[in-house]
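Letter by letter, the chains look like this.
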Amino acid sequence: MPESWAGRALDAQPAKTVDPTAGTRQRRLTVLLADMVPGARTVRVSQHQPSQTWPSPYTRAYDEQGNLIPLNRAQRVTARWVIRAYPEADWDEAHDLDLTTGTLRPAVEARPARGGGR
């Protein structure tokens, strides 16, 4: 039996099982949000609700065609979850979380330029 550096025999370790739901915190959140908001492809999160002048976490969801999906109160609270899962993001600007790939990007990058804009 192999010995450790202390001279005692090592105990047999149980086989590790792989949990299919395990993954990064962000990936688990993406799976959860996709389940909570059926039909949503993108969740837009910001710290500024349009009707308020003070910071307040705000969530909007969009389907594949870019149509707004109405959210109930429980679904709107998910903004806090996204903000906590991605602390490195600059939350002064809105961000889009793609629920199919799990990528977070600034909302400005999500919209293509229209017309001949600069």
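Look a little higher up for the structure.
Quick caveat: nothing in here was measured; it's all calculated off a predicted structure.

Considerations on the overall build of the protein chain
- Broken down by element type, the protein chain carries four helices and five strands.
- Starting at the N terminus and ending at the C terminus, the protein chain contains elements arranged as α-β-β-β-α-α-β-β-α.
- In the protein chain, which comprises 118 residues, the share counted as buried stands at 30%.
- Counting contacts in the protein chain only where the partners sit at least 6 residues apart, residues at least 24 apart contribute 44% of the total.
- By element, 52% of the accessible surface of the protein chain is carried by carbon and sulfur atoms, the whole surface being about 8900 Å².

With respect to the nonpolar core
- Ranked by size, the top nonpolar core spans 18 residues in total, and within it V45, V82, Y86 and W91 carry the most contacts.
- Listed by contribution, the elements that provide at least two residues to this core are α1 (25–36), β1 (42–46) and α3 (78–85).
- No other element matches the four residues that α3 contributes to this core.
- If we skip the residues at most four places from it in the chain, W91 touches V45, Q47, V82, I83, Y86 and L104.

Focus: the sheet that holds strand β2 (residues 58–62)
- Overall, antiparallel pairing links the five strands, which are arranged β3-β2-β1-β4-β5 in an open sheet. Every other strand in the sheet has two partners, leaving β3 (68–69) and β5 (104–106) as the edge strands with one partner each.
- Sheet analysis places β1 next to strand β4 (residues 95–98), joined by four bridges and oriented antiparallel. Residue pairing in the sheet places V43 in a bridge with L97 of β4.
- Contacts from α3 reach β1, β2, β4 and β5, with the element oriented near 80 degrees to β1.

Notes on the pairing of β4
- Neither face of β4 is open: one carries H95 and L97, the other D96 and D98, and all of them are buried.
- Bridge count between β4 and β5: three bridges; the pairing is antiparallel. Pairing of L97 across the sheet is with L104, part of β5.

What about the pairing of β2?
- Counted residue by residue, β2 has four buried out of five residues, so it is predominantly covered.
- For β1 and β2, the ladder comprises five bridges, and the chain directions are antiparallel. Along β2, the bridge assignment pairs R44 with R60.
- Of the strand pairs in this sheet, β2 and β3 are connected by two bridges, and their pairing is antiparallel. Among the inter-strand pairings, Y62 is bridged to a residue of β3, identified as L68.
- Here β2 folds back onto β3, and the loop between the two strands holds five residues, one of which, G66, carries a positive phi near 90 degrees.

Calculation rules
- Residues numbered from 1 in each chain as written.
- Predicted model: local features only at pLDDT ≥ 70, side-chain atom pairs only at ≥ 80, totals over all residues.
- Heavy atoms only, no water.
- Helix = DSSP H or I, 4+ residues; strand = E, 2+ residues; numbered from the N terminus.
- Buried < 20%, exposed > 50% of the residue type's maximum accessible area, 1.4 Å probe, protein only.
- Contact = heavy atoms within 4.5 Å.
- Areas by Shrake-Rupley, 256 points an atom, 1.4 Å probe, with all protein chains shown as cover.
- Core = buried A, V, L, I, M, F, W, Y, C linked by side-chain atoms within 4.5 Å.
- Pairing = 2+ DSSP bridges.
- Axes fitted to C-alpha atoms, helices over the stretch in contact; angles between N-to-C directions.

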